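Architecture and fold: a report
Read off the chains here:
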Amino acid sequence: MGGAAGVAGVAAGETGVDDLPTTIRTTRDRIRRAAERAGRDPRRVRLAAATKGVDAGRVLEAIRAGLTICGENRWQEARAKMDAVGDHAGVTWHFFGRLQRRKLRHLVGRFDLIHSVESLEQAEEIHRRAREQGMVQSILLEVNVGGESSKGGFRPDEAPDAAAAMDSFEHVAVRGLMTLPPGQPDPERSRPSFRQLKALADRLAAMPLRRVRMDELSMGMSNDFEIAVEEGATLVRVGTALFGARPPVSTAG
Ligand SMILES: *Cc1c(COP(=O)(O)O)cnc(C)c1O
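This is a predicted model, so every value here is computed, not measured.

1. Digging into the overall build of the protein
Assigned secondary structure in the protein consists of ten helices and eight strands. Taken over the C-alpha trace, the protein has a radius of gyration of 18 Å; the compact-globule value for 253 residues is 18 Å, and the two agree within 12%. Along the first, second and third principal axes, the C-alpha set of the protein runs to 55 × 40 × 30 Å. A burial count over the protein gives 48% of its 253 residues as buried. For the protein, the accessible area works out to roughly 11,800 Å², and carbon and sulfur atoms hold 49% of it. Of the charged side chains in the protein, 38 are positive and 34 negative; the average position of the first set lies 2 Å away from that of the second.

2. Concerning the side chain of Asp167
As for its position among the elements, Asp167 is in the loop between helix H7 (159-166) and strand E6 (172-178). There is no salt bridge for the buried Asp167, and the closest opposite charge comes from Arg210, which lies 5.0 Å off by N-O distance. There is a polar contact of 2.7 Å between the side chain of Asp167 and the backbone nitrogen of Arg211.

3. Here we look at the site of the ligand
Taken together, Ala50, Lys52, Asn73, Phe96, Leu180, Met221, Ser222, Arg237, Val238, Gly239, Thr240 and Arg246 are the residues near the ligand. Within the side chain of Ser222, an N or O atom sits 2.5 Å from an oxygen atom of the ligand. For the ligand, whose unbound accessible area comes to 390 Å², protein coverage reaches 91%.

4. Things to note about the packing of H7 against helix H8 (residues 191-205)
Axis separation between H7 and H8 bottoms out at 10 Å; the angle between their running directions is 45°. Classified by the interaxial angle, the pair formed by H7 and H8 is oblique. The hand of the H7/H8 crossing is right-handed. Facing Ala159, Pro160 and Ala163 of H7, the residues of H8 in contact are Leu200, Arg203 and Leu204. The residue makeup of the contact of H7 with H8, split by class, is five nonpolar, no polar and one charged.

5. Regarding the side chain of Ser193
In this fold, Ser193 is placed in helix H8. Accessibility expressed as a relative area gives 10% for Ser193, which makes it buried. Discounting residues that sit within four places of it in the chain, Ser193 has contacts with Val145 and Pro181.

6. Some details on the pattern of salt bridges
Considering all chains together, one arrives at 24 salt bridges under this definition. Put simply, Glu231 and Arg191 hold a salt bridge, and the shortest N to O gap is 2.7 Å. In this pair, Glu231 is assigned in the loop between helix H9 (225-230) and strand E8 (235-238) and Arg191 in helix H8, connecting sequence segments 40 residues apart. Assigned by exposure class, Glu231 and Arg191 land together as buried. Linked through salt bridges whose partners overlap, the residues forming this network are Arg37, Glu188, Arg191, Arg195, Glu230 and Glu231.

7. Some words on the environment of Phe194
Take Phe194: it is sitting in helix H8. For Phe194, a relative accessible area of 0% puts it in the buried group. Ignoring anything within four residues of it in the chain, the contact list for Phe194 reads Thr179, Pro181, Met219, Gly220, Asp224, Ile227, Ala228 and Glu231.

Definitions and limits used
Residues numbered from 1 in each chain as written. Predicted model: local features only at pLDDT ≥ 70, side-chain atom pairs only at ≥ 80, totals over all residues. Heavy atoms only, no water. Helix = DSSP H or I, 4+ residues; strand = E, 2+ residues; numbered from the N terminus. Rg over C-alpha atoms; globule rule 2.2 N^0.38 Å. Buried < 20%, exposed > 50% of the residue type's maximum accessible area, 1.4 Å probe, protein only. Areas by Shrake-Rupley, 256 points an atom, 1.4 Å probe, with all protein chains shown as cover. Lys, Arg positive; Asp, Glu negative; His and termini not counted. Charge placed at Lys NZ, Arg CZ, Asp CG, Glu CD. Salt bridge = Lys/Arg side-chain N within 4 Å of Asp/Glu carboxyl O. Polar contact = N/O pair within 3.5 Å; in protein donor to acceptor, adjacent residues only side chain to side chain. Near = heavy atom within 4 Å. Axes fitted to C-alpha atoms, helices over the stretch in contact; angles between N-to-C directions. Parallel < 35°, antiparallel > 145°, perpendicular 65-115°, else oblique. Left-handed = near helix turned anticlockwise from the far one by under 90°. Contact = heavy atoms within 4.5 Å. Nonpolar A, V, L, I, M, F, W, Y, C, P; charged D, E, K, R; others polar.

Right, dumping it as structure tokens:
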């Protein structure tokens with residue numbers, strides 16, 4: 001960014017006007033410091049913006065300010081936004097909403113990474129669709145570490161067998177795990193869930209699997225991403241801390 005634009009950005013922030021370049025920079029600084037506190041390489045942690053409820057114009061502003069990963073929750077919203085935003089070098093789209101079987105075909109091949117695969121059946125369907133397209137779809141397995149009945153995801157004890165079954169899917173690349181712990185007002189209360197996810201990933205990484213990898217841990221949101229980074233996150237999914245509070249939206253689809 002040029003000097004003049006930078007100065008204008010700081011001035012806007014100081015007057016309380018929304019300033020995406022500043023919030024993105026601040027968030028990246030917080031990620032970097034959390035990584036350093038834990039003795040981790042900050043370059044191993046990527047910021048995935050949760051752009052649900054954020055219009056295409058602001059997403060474009062965020063991309064101009066250096067955002068590289070847009071994460072969406074619903075196919076209809078994502079499709080409209082991807083069309084409006086267009087292609088930008090180095091920018092990829094991730095999907096982390098609840099997966100619905102009849103929408104899966106739209107997602108395969110369009111999202112760089114699907115974080116929210118919560119059953120072997122979903123992985124099978126992704127494999128089938130990816131094979132039709134002659135491509136390999138990268139996915140993460142969502143794990144319900146908190147054991148909440150309201151949430152989807154693999155139980156930790158189911159994950160090893162599921163990963164072993166997926167190891168034969170040539171058109172699916174399992175890249176790691178994702179979790180969505182209970183929203184906690186006190187971010188420290190998310191730490192045990194993040195630790196459990198990391199321990200499970202280590203266990204899966206030690207299994208004799210050929211295709212399944214455990215390179216990515218998607219965990220941490222606006223209120224607890226620093227804790228997640230301390231515990232090993234490689235992808236943090238941050239919405240509110242970047243874009244401010246959003247109107248209530250459905251997260252399914
Ligand atoms: C919305 C959302 C986020 C980001 O939540 P914030 O609290 O706004 O940072 C992260 N992950 C998923 C799956 C989401 O739906």
